[in-house]
Amino acid sequence: MNTAATNPTDEHADSHDHEHHDPRLAHHFDSHQQQFDTGKLGIWLFLVTEVLFFSGLFGFYAVYRSLHPEVFLYASQFLDTTLGAANTVVLLFSSLTMAWGVRCAQLGQTRGLLACLVITLACAAIFLGVKSFEYAEKAHHHLLPGNLYQSPENHGPVADAAAPATGTTATAGHGEADHAHEQLAADHSDESLFEKTKHTLSYISTALWVVILLSGIGLAVLFKNPNKKTLAAVAGCVLISAIGIQLGAYASIGYHHFGHAAEPTAQEIEMAKTAPAEYAKQTEKIPEPLLARTFFSVYFCMTGVHAIHIIGGMIAISWLIVRTVHGAFTTYYFGAVDFIGLYWHLVDLIWIYLFPLLYLIN
Amino acid sequence: MSDHAENDSHAENTQSCHVHIVPIKVLVGVFLALVALTVLTVEAAKVDVGSADVIVSMAIATVKASLVVFIFMHLWYDKPLNKIAFFFSIIFASFFLCMILLDSHAYDDYVNGFTQDKPPAGLASEPVVPAAPAVSAPVAAQKPEATPTK
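A short tour of the structure in this document, coming up. (Residues numbered from 1 in each chain as written. Chains lettered and ligands numbered in written order. Predicted model: local features only at pLDDT ≥ 70, side-chain atom pairs only at ≥ 80, totals over all residues. Heavy atoms only, no water.)

As for the side chain of Ser57 of chain B
Its place among the elements puts Ser57 of chain B in helix 3 (residues 52-72). Judged by relative accessible area, Ser57 of chain B falls into the buried class, the value being 10%. Not counting residues within four places of it along the chain, the set of residues in contact with Ser57 of chain B comprises Pro356 of chain A together with Thr41 of chain B. (Helix = DSSP H or I, 4+ residues; strand = E, 2+ residues; numbered from the N terminus. Buried < 20%, exposed > 50% of the residue type's maximum accessible area, 1.4 Å probe, protein only. Contact = heavy atoms within 4.5 Å.)

In structure tokens form, the structure reads like this:
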């Protein structure tokens, strides 16, 4: 973004021969104000195309949900609302630090800007870590788009669900008890599923430890060297991203571990009470709607494209960190920070809509 | 607001850039409001309000989105041209969604009638292709005795 302004026009300096040429001001602009306003209109036009691009995916969602609400009702029970809500808060916090960073840049506070950008990058990485846990879990559950999908009714040890639920739900009504049984059955199959997910994530986390080690060594070696600022900053960005992803993945494993050990019964009784009766009947009658797989096509499409945007944003923020380390931004030249901030807020905005649409279907 | 003073000193200089700077209090307040609305939307989803569910969660999401757009993205203080560009994109996106929803439901009756005349036999037991003809199969499977509406 704003490459015309960010590349100092050194090669033009000879031919144009301005008397006091400002390397931060592209030669075709009269003033920094003009340069900033132009860049801002450009980034807003880019955001417009992003909105229209995502509206296609939202259209896919809207048409499919209006035609087959039962599919969404059925399939959204496989999404963990707590993880989704935690991710929402993480993204909102990264939005806050980004907006704060823009403020710091406008006021010329380089240290504050650097701190805000680093926190934003870390939050983005945590988001990706939690997302990777969710994706790994769904892959092991065979809840994948298209032909990769396998019905969760036809595999896994769901059948051995019988005994242990009776004591806890004895007071509940008949239909509710049945529903609690179902919940327990899901939990039982969850155990092996969780083990498999942890196994997969252990490979990822081993790779991440290697990355953390290497980039940490790189940062430590390059940190004091004033000639290697760029490399040191890149190593730092990689280090922060890897730590963030690691943190997100471990946090969701920990949540899954303790959350299920601590409150299995209370949660299920509450679920059985709050779930509407007709929904319980419906799940008994049609356990799995036809074309339930298409929900997961929608899910992976929308969250996947969003995750790609997160990765793009992380690269852009890393670039900002490198430039901040070089002291590129001043009170009159902070356009790049503002524009990438706008992009980052738009990514947050899309998640604000995705979260209730995918995770909160009652 | 008082931050403007820092830039006002070189107003005539080309090395100046006048922008609105949002105070920290406002930023943190907006963040807390966003978190509160997230909690609210999670809690609201647990209450059964039937088909109004989507409307409630979308209304809350829109409040959150406007907070982000107006305060975090400075659009409230931005130039009219940027405001117009963004709002027209939202308007056209909603036109687009409304139109495809209208269109996809315009043929409901025909599709229902067709699938009741000829229910796709293979699909009821084993879904192989999630393609267009299969779309209305569950409707037909649930209520095969219903007559097609005119």
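Digging into empty space enclosed by the protein
Residue and element names in this part refer to chain A. Inspection of the entire model under this criterion finds 5 cavities of 30 Å³ or more. Empty space within the second largest cavity amounts to approximately 60 Å³. Lining the second largest cavity we find 10 residues, and of these His32, Gln35, Phe36, Tyr333 and Gly335 sit closest to its centre. Secondary structure elements with two or more residues in the lining of the second largest cavity: helix 3 (32-67) and helix 12 (335-359). The leading source of residues in the lining of the second largest cavity is helix 3, at 3 residues. (1 Å grid on protein atoms, 1.4 Å probe; cavity = no way out; pocket = protein on both sides within 12 Å on 5 of 7 lines; lining within 4 Å. Points joined across faces, edges and corners; volume = space filled by probe spheres on them.)

Things to note about the packing of helix 3 of chain A against helix 12 of chain A
Residues and elements named next belong to chain A. Between helix 3 and helix 12, the shortest axis-to-axis distance is 10 Å and the interhelical angle comes to 15 degrees. One finds that helix 3 runs roughly parallel with respect to helix 12. Relative to helix 12, the crossing made by helix 3 is right-handed. Looking at the contact of helix 3 with helix 12, its residues break down into 18 nonpolar, 2 polar and 4 charged. (Axes fitted to C-alpha atoms, helices over the stretch in contact; angles between N-to-C directions. Parallel < 35°, antiparallel > 145°, perpendicular 65-115°, else oblique. Left-handed = near helix turned anticlockwise from the far one by under 90°. Nonpolar A, V, L, I, M, F, W, Y, C, P; charged D, E, K, R; others polar.)

Points about the environment of Gln77 of chain A
All names here are of chain A. Tracing the backbone through its elements, the reader meets Gln77 in the loop between helix 4 (69-75) and helix 5 (81-107). According to the relative accessible area criterion, Gln77 is partly exposed, its value standing at 42%. Residues Gln77 and Leu357, spaced 280 residues apart in sequence, show a C-alpha to C-alpha distance of 13 Å.

Topic: the pattern of salt bridges
Residues and elements named next belong to chain A. Within this structure, the stated rule accounts for 6 salt bridges over all chains. Note that Glu134 and Lys131 form a salt bridge whose closest N and O atoms lie 3.0 Å from each other. Of the two residues, Glu134 and Lys131 both sit in helix 6 (residues 110-140), 3 residues apart, roughly one turn of that helix. The exposure classification of Glu134 matches that of Lys131, with both residues buried. (Salt bridge = Lys/Arg side-chain N within 4 Å of Asp/Glu carboxyl O.)

Here's the deal with the interface of chain B and chain A
Each side of the interface is counted separately: chain B has 66 residues, and chain A has 65 residues. Summed over both sides, the interface of chain B with chain A buries roughly 5600 Å², with 72% coming from carbon and sulfur. Inspection of the region where chain B meets chain A yields 2 salt bridges. Joining chain B to chain A, the criterion identifies 6 residue pairs in polar contact (both at pLDDT 80 or more). Elements that contribute at least two residues to the side of chain B that touches chain A include exactly helix 1 (4-8), helix 2 (24-46), helix 3, helix 4 (80-106), helix 6 (121-125) and helix 7 (137-142) of chain B. (Buried area = accessible area lost by both parts, 1.4 Å probe. Polar contact = N/O pair within 3.5 Å; in protein donor to acceptor, adjacent residues only side chain to side chain.)

Thoughts on the nonpolar core
Core analysis: the biggest nonpolar cluster contains 100 residues, and Phe295 and Ile310 of chain A together with Phe72 of chain B have the highest contact counts within it. Per element, the largest residue contribution to this core is 18 residues, and it comes from helix 12 of chain A. Residues contacting Phe295 of chain A, with those up to four places away along its chain left out, are Tyr64, Val71, Phe72, Ala75, Ser76, Leu79, Leu358 and Ile361 of chain A. (Core = buried A, V, L, I, M, F, W, Y, C linked by side-chain atoms within 4.5 Å.)

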